[in-house]
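# Descriptive analysis of the structure
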Amino acid sequence: MDVFNKATTKLGPIGQYAKSIHGYWTFPKLEGEISPRMKFRGKEKLVWSLNNYLGLANHPEVRKADAESAAEYGLALPMGARMMSGQTDQHEQLERELAEFVGKESSYLLNYGYQGMVSIIEAMVDRHDVIVYDSESHACIIDGVRLHFGKRFVYPHNNMESLRKQLERATKITNETGGGILVITEGVFGMSGDLGKLDEIVAMKKDFNFRLLVDDAHGVGIMGPNGRGTHEALGVMDGVDIYFGTFAKAFASIGAFVASTKEVVFYLAYNMRSQIFAKSLPMPLVIGALKRLELMRNHPEFREKLWTVSNALQKGLKERGFNTGNTQSPVTPIFLHGDPTEGANLAFDLRENYNIFCSVVSYPVVPKGVIIIRIIPTAVHTLEDVEYTLHAFTEIKANLDVGKYSSGQFVNIQV
Ligand SMILES: Cc1ncc(COP(=O)(O)O)c(C=O)c1O
C-alpha cells in the first residue's frame, strides 16, 4: 500500500467534501484591508467572521509599528530558537508586560499558540500525573492530552458535577502514583461563546489538590473590566495557575504566550519542545505585540465599543426569537434546525443575496438537524451593521421555517 493513497481515497472528515466546497466554504479568499467590509469573489461583503475583536488589525498605530519594526529589523531577526540565539531585550520586555497584564509573575512567548499549548501540556505532566479536561476543548488541548502517558479523564462541557467525580477518580490514582492533577479548560469557548466556569473550578481547590490551566485565546484583551481575561471577568485571577493567550485574535497578529509563576515559566522555557526546537518570534511581531498591548491598556473604548456592538446584536437576535445558546462573550452562535442542504442553502443566501460573510456549520461538524451560524462582532462594526444583519436574519429564518431552503426549493449555484 502506498501512503499516498490517502490523498485520493481517504480525504478526511472535511476533505471528503472538498470538491464541492473548496474556494467557497473552505479556503475562501477575503480580499482588501481587514475590516467589516471586504471583498469576496469581487463583491463587497459585510464580514462577521474575523476574530479582530478590538479592531486592532488595521489601527494606524499598529500598522505603523508593524511597518517600522519590519523596516528596522526585517523578519529574520532574531535567528534561531530562544534558547540558542533568539533572545532579545524586546522579547523579555513583552513577557514582563504580558505577565503584568494578565496578573501573573512571569510569562513566556510562544511562536504559535497551537504548538505552544501542546508543549505546555506535555511539559507539565508525566506518567504519574492525571489530566482532567473539558469535552469541548480546542484541538490544541486535545493534541496536548494525546501526548500524555498517564491517565486522562474528560468531563462533559462545563459539567461541574462530572468534573468533581473525575477529580475524585483522579485523586485516587494520584494517591497511588504520587503524581499531581492538571485541570484544563478554556476561558471563552470559541464556538459557543460561553465561559469556562473558572470560579467554580477554582472553588473546588478546597476539596482537591490540582493545578488549573486555562486557554483564554478568545478572552485575553476583551474579557473582564480591564480586558485582562476571563479570569479577571470571573474574579479568579490568582486561582488560575497557568494562563494561556494567543495573539491570533484580539491582538490581531501571530504568536502567543503562557503566564504563571516565575519557576513554572522558567521550567516551561527549558521544557516546551515546540519552542526549544523552533525559531524565536521575529522582532516585528514582538514590537507589534507591545504596541497592541499598549493600545489595549490605554483605550478601554475599543472594548466598550466591542461590547456595545455585541450586546446590540445578541439582544436583537433574542428579541427576534433566535436561540443564541449560553454565550457570555462577543462570540455569537445562532442555533437553527435544519439538514445540511438547508444549512448550505441558507448560508449561500446570506453570502450571495444579503452579502453577509459569516461561518455556518451543520452535520457532520455538529449533530444532525442542527445548523450553527457563528457571528464575531468587533469594535469596528457599527450599529447599522447590526441592524442590517438582524433584518437579514429575520428574513432567512422565515425562509427556513417555510422550507424555502430544502432541496429543490432553492436555486444554489455551483460553488
Ligand atoms: C481556543 C484556542 N486555543 C488555541 C488556539 C491556537 O492559537 P494560534 O492561532 O495562536 O495557534 C486557537 C485558535 O487560534 C483557539 O481558538
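Provided above is the structure to which this section pertains.
Let me begin by describing the structure that accompanies this report. (Residues numbered from 1 in each chain as written. Predicted model: local features only at pLDDT ≥ 70, side-chain atom pairs only at ≥ 80, totals over all residues. Heavy atoms only, no water.)

## Looking at the side chain of Q275
Along the polypeptide, Q275 turns up in helix α11 (residues 273-276). The buried category is assigned to Q275, whose relative accessible area is 5%. Those residues in contact with Q275 that sit more than four places away from it in its chain are A81, Y108, L109, L110, N111, Y112, Q115 and G116. (Helix = DSSP H or I, 4+ residues; strand = E, 2+ residues; numbered from the N terminus. Buried < 20%, exposed > 50% of the residue type's maximum accessible area, 1.4 Å probe, protein only. Contact = heavy atoms within 4.5 Å.)

## Quick look at the packing of aromatic side chains
By convention here, two paired aromatic rings are described through the distance between centres and the angle between planes. A complete count under the given rule lists nine aromatic pairs for this structure. Pairing F322 with F393 gives two aromatic rings, centres 6.1 Å apart and planes at 90°, and the pair type is edge-to-face. Placement of the pair is F322 in the loop between α13 (300-319) and β11 (332-337) and F393 in helix α15 (residues 383-401), with a sequence separation of 71 residues. Neither F322 nor F393 differs from the other in exposure class; each is buried. Joined through ring pairs, the aromatic side chains of Y24, W25, F40, F348 and F357 make up one cluster. (Phe/Tyr/Trp six-rings, centres within 6.5 Å; stacked < 30°, edge-to-face > 60°.)

## Observations regarding the packing of helix α3 (residues 60-73) against helix α12 (residues 283-298)
Contact geometry of α3 with α12 gives a least axis separation of 8 Å together with a crossing angle of 155°. Taken as axis vectors, α3 and α12 run roughly antiparallel relative to one another. Considering the relative orientation of α3 and α12, their crossing is right-handed. From α3, E61, V62, A65, D66, S69, A70 and Y73 reach across to α12, where they touch M283, P284, I287, G288, K291, R292, E294 and L295. Considered class by class, the residues forming the contact of α3 with α12 number eight nonpolar, two polar and five charged. (Axes fitted to C-alpha atoms, helices over the stretch in contact; angles between N-to-C directions. Parallel < 35°, antiparallel > 145°, perpendicular 65-115°, else oblique. Left-handed = near helix turned anticlockwise from the far one by under 90°. Nonpolar A, V, L, I, M, F, W, Y, C, P; charged D, E, K, R; others polar.)

## Remarks on the pattern of salt bridges
Tallying each qualifying case throughout the model produces 16 salt bridges. Notably, a salt bridge pairs E95 with R82, separated by 2.8 Å at the nearest N-O pair. Of this pair, E95 sits in helix α4 (residues 89-102) while R82 is found in the loop between α3 and α4, placing the two residues 13 residues apart along the sequence. The exposure class assigned to E95 is buried, which follows from its relative accessible area of 8%. The buried category is assigned to R82, whose relative accessible area is 8%. (Salt bridge = Lys/Arg side-chain N within 4 Å of Asp/Glu carboxyl O.)

## Side note on α3
Between its first and last C-alpha, α3 extends 20 Å over 14 residues, near the 20 Å set by a 1.5 Å rise per residue. Turning to α3, its buried residues number three or more, namely V62, A65 and S69. For α3, the angular spread of the buried residues around the axis is 65°, confining them to a single face. Along α3, the residues that are exposed and aim more than 90 degrees away from the buried face are P60, K64 and A71. Packed against the buried residues of α3 are α12. (Expected span 1.5 Å × (residues − 1). Arc of directions from axis to C-beta.)

## Here we look at helix α14 (residues 340-352)
Its 13 residues place the ends of α14 18 Å apart at the C-alpha level, agreeing with the 18 Å of an ideal helix rising 1.5 Å per residue. Burial in α14 covers these residues: E342, G343, N345, L346, A347, F348, D349, L350 and R351. By the N-cap criterion, in which a side-chain oxygen at the helix start approaches the backbone nitrogen of a residue two or three places on, α14 is capped by D339, the distance to T341 being 3.1 Å. (Polar contact = N/O pair within 3.5 Å; in protein donor to acceptor, adjacent residues only side chain to side chain.)

## Some points on the site of the ligand
Near the ligand there are 13 residues, and of these G113, Y114, D215, T246 and K249 occur at the shortest range. K249 places a polar side-chain atom, nitrogen or oxygen, 2.8 Å from an oxygen atom of the ligand. For the ligand, whose unbound accessible area comes to 380 Å², protein coverage reaches 85%. Elements with a minimum of two residues in the shell around the ligand: α5 (113-124) and β9 (242-246). (Near = heavy atom within 4 Å. Areas by Shrake-Rupley, 256 points an atom, 1.4 Å probe, with all protein chains shown as cover.)

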